[in-house]
Amino acid sequence: MAGTRITGTGSYLPEKVLTNEDLEGLVDTSDEWITARTGIKQRRIAAPDEATVDLAETAARRALDAAERSPGEIDLIVVATTTPDRVFPSTACLLQGRLGVVGAPAFDVQAVCTGFIYALATAHSFLRTGLARRALVVGAEVLSRILNWEDRSTCVLFGDGSGAVVLEADDTPEHGLLSTHLHADGSQDSLLTVPTGIATGWESGTPEGTIHMRGNEVFRVAVNTLGQVVEETLAANGLEQGEVDWLVPHQANIRIIQATAKKLDLAMDRVVVTVDRHGNTSAASVPLALDEGVRDNRIRPGELVLLEAFGGGFTWGSALLRW
Ligand code: ACO
């Protein structure tokens, strides 16, 4: 089976910045509380006329440019999103239309904050088995549209954005994507959920149409579960703690990120952190952070990079790659 390698990354953040100070005017909160509990200082909010596909398209075009590929060379599009533009067509199909190419399979993956890892693992499997040669894998979200802006326990946590990679079949399997690990536990759906959907009366602007989270309990599960998936990834690759060069984690909370870095015996200057500026952008957070680490040349060729995420479902997963 062929190996796969990321040949280009891209990302996009909406222009509007919402700071913790701005939120102090909306709900009973403080910059001090948000910073101490989460590490978040600000987040981006999509403009009213910006939809998920708009965010996805910009990130995708930037990733294609970085990979020196044209849209016509892509033969698989996978978009991870929890906030699709429409019930159907999928955001991946809308993106394909925007890119002006037809024919290749295009579909969405929904695994909330773990969506990008699920999408990457799916594309990796397609490429390894020869079903495709070059995939565009995108995480894009307008989480601001499913937030209750009167609920201080959730509205301070999330933001909008997008990230993308081009993943190509590659015959040097010691480089590129080395392993992926996906998991889910659907028995704890009530701890982190938007409790309504198309079949159960979802309505924009109602509390039942927004994110509900028992933060404290989710926090405990997230730390434990990410610790386990990190151990699983090291063991699957015959690695010891301290051998990974970079951690590119899902950006939900700096305290969760620090706990995972400790599990890996990694100093925080080997962790790509964006949560302070982006908040939690769900499926977009890992590719946004990866793009930042690649573009500012922190992540260098030959280095071992661990991507991980945890989110609603519960879902969690990781991917290890040699850059
Ligand atoms: N400002 C001020 N006070 C607040 C705020 C706020 N924005 N939000 C909650 N509080 C209060 C609570 O009411 C509570 O007050 P009380 O003690 O008087 O009852 C107090 O702060 C402590 O609340 P906790 O929920 O216990 O705070 P905690 O330290 O757990 O931090 C947080 C909350 C940041 C949400 C944390 O639990 C967390 O990060 N959880 C995990 C999030 C996560 O990883 N989610 C998964 C991905 S998301 C996805 O998949 C969509």
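Residues numbered from 1 in each chain as written. Predicted model: local features only at pLDDT ≥ 70, side-chain atom pairs only at ≥ 80, totals over all residues. Heavy atoms only, no water.

Secondary structure summary: the protein contains 10 helices and 13 strands in total. Against the compact-globule benchmark of 20 Å for 323 residues, the protein has a radius of gyration of 18 Å, which places it among compact chains. Projecting the C-alpha coordinates of the protein onto the three principal axes gives extents of approximately 55 × 45 × 40 Å. Split into buried and exposed, the 323 residues of the protein put 54% on the buried side. Contacts spanning at least 24 positions in sequence make up 74% of the contacts within the protein whose residues lie at least 6 apart. Taken as a whole, the protein presents about 13300 Å² of accessible surface, with 49% of it coming from carbon and sulfur. Distance between charge centres in the protein, computed from 27 positive and 43 negative side chains, equals 2 Å. (Helix = DSSP H or I, 4+ residues; strand = E, 2+ residues; numbered from the N terminus. Rg over C-alpha atoms; globule rule 2.2 N^0.38 Å. Buried < 20%, exposed > 50% of the residue type's maximum accessible area, 1.4 Å probe, protein only. Contact = heavy atoms within 4.5 Å. Areas by Shrake-Rupley, 256 points an atom, 1.4 Å probe, with all protein chains shown as cover. Lys, Arg positive; Asp, Glu negative; His and termini not counted. Charge placed at Lys NZ, Arg CZ, Asp CG, Glu CD.)

Our focus in this paragraph is the sheet that holds strand 6 (residues 134–142). In space, the five strands of this open sheet follow the order 1-7-6-4-5, with mixed pairing throughout. Whereas interior strands pair on both sides, the edge strands pair on one side only; in this sheet they are strand 1 (3–12) and strand 5 (106–109). Along the sheet, successive strands turn relative to each other by an average axial angle of 20°, direction set aside. Sheet analysis places strand 4 (residues 76–80) next to strand 6, joined by five bridges and oriented parallel. Pairing of Ile-77 across the sheet is with Leu-136, part of strand 6. Relative to strand 4, helix 4 (residues 91–99) is tilted by about 130°, and along the sheet it contacts strand 4, strand 5 and strand 6. In this fold helix 10 (residues 285–295) packs onto strand 1, strand 6 and strand 7 (160–170), with an angle of close to 95° to the strand it touches most, strand 1. (Pairing = 2+ DSSP bridges. Axes fitted to C-alpha atoms, helices over the stretch in contact; angles between N-to-C directions.)

Glancing now at the sheet that holds strand 8 (residues 176–184). Taking strand neighbours across the sheet as the criterion, the four strands line up as 8-13-12-11 in an open arrangement whose pairing is mixed. Every other strand in the sheet has two partners, leaving strand 8 and strand 11 (246–249) as the edge strands with one partner each. With direction set aside, neighbouring strand axes in the sheet form an average angle of 15°. Against the sheet, helix 5 (residues 115–128) touches strand 8, strand 12 (304–311) and strand 13 (315–322), its axis set at about 125° to strand 8. Packed on one face of the sheet, helix 10 meets strand 11 and strand 12 and runs near 145° to strand 11.

Counting 39 residues, the largest nonpolar core has Val-156, Ile-211, Leu-247, Leu-264, Leu-306, Phe-310 and Phe-314 as the members making the most contacts within it. Those elements that place two or more of their residues in this core are helix 7 (215–236), helix 8 (254–263), strand 12 and strand 13. Top contributing element to this core by residue count: helix 7, with six residues. Formed jointly, this core draws a minimum of three residues from each of two domains, domain 1 (3–170) and domain 2 (176–322). Once residues within four sequence positions are removed from consideration, Phe-310 is found in contact with Cys-113, Thr-114, Val-218, Val-221, Ala-222, Thr-225, Leu-226, His-250, Thr-315 and Trp-316. With 34 residues, the next largest nonpolar core counts Ile-6, Leu-120, Val-165 and Trp-323 among its residues. (Core = buried A, V, L, I, M, F, W, Y, C linked by side-chain atoms within 4.5 Å. Domains from an automatic or database assignment.)

The periodicity of an α-helix, 3.6 residues per turn, causes residues three or four places apart in sequence to face the same way. With 22 residues, helix 7 should cover 32 Å at 1.5 Å per step; its first-to-last C-alpha distance of 31 Å lies within 8% of that length. Listed as buried for helix 7 are Val-218, Ala-222, Thr-225, Leu-226, Gly-227, Val-229, Val-230, Thr-233 and Leu-234. Structurally, helix 7 contributes buried residues whose contacts are with strand 8, strand 9 (192–193), strand 10 (212–213), helix 8, strand 12 and strand 13. Looking at the residues trailing helix 7, positive phi occurs at Gly-238, about 65°. (Expected span 1.5 Å × (residues − 1).)

This paragraph deals with the site of the ligand. Lining the immediate environment of the ligand, one finds 27 residues, of which Thr-29, Arg-37, Cys-113, Asn-216 and Asn-253 sit closest. Protein contacts shield 75% of the accessible area of the ligand, which totals 1000 Å² for the unbound molecule. Looking at the shell around the ligand, the elements that each hand over two or more residues are helix 2 (31–38), helix 6 (152–155), helix 7, helix 8 and strand 12. Looking at which element gives the most residues to the shell around the ligand, the answer is helix 7, with four residues. Residues of the shell around the ligand, tallied by class, amount to 13 nonpolar, 10 polar and four charged. (Near = heavy atom within 4 Å. Nonpolar A, V, L, I, M, F, W, Y, C, P; charged D, E, K, R; others polar.)

Note on placement: Thr-281 falls in the loop between helix 9 (275–278) and helix 10. Judged by its relative accessible area of 0%, Thr-281 is buried. A polar contact of 3.1 Å, which involves the side chain of Thr-281, links it to the backbone nitrogen of Ser-285. (Polar contact = N/O pair within 3.5 Å; in protein donor to acceptor, adjacent residues only side chain to side chain.)

Interface extent is often summarised as the accessible area lost during association of the parts. Domain annotation for the protein reports domain 1 (3–170) and domain 2 (176–322). Spacing between the C-alpha centres of domain 1 and domain 2 amounts to 14 Å. Between domain 1 and domain 2, the residue contacts involve 52 residues of the former and 48 residues of the latter. Each partner contributes to the roughly 3700 Å² buried at the junction of domain 1 and domain 2, and carbon and sulfur atoms together form 66% of this total. At the level of elements, strand 1, helix 2, strand 3 (42–45), helix 3 (52–67), helix 5, strand 6 and strand 7 are the ones that each hand at least two residues to the side of domain 1 that touches domain 2. (Buried area = accessible area lost by both parts, 1.4 Å probe.)

With that out of the way, let us pick up the pairing of strand 11. Residues in a regular strand point their side chains to alternate faces of the sheet. Every second residue of strand 11 is oriented toward a common face, with Trp-246 and Val-248 on one face and Leu-247 and Pro-249 on the other, all of them buried. Sheet topology note: the strand 11/strand 12 ladder contains four bridges and is parallel. In the strand pairing of strand 12, Trp-246 is matched with Val-305.

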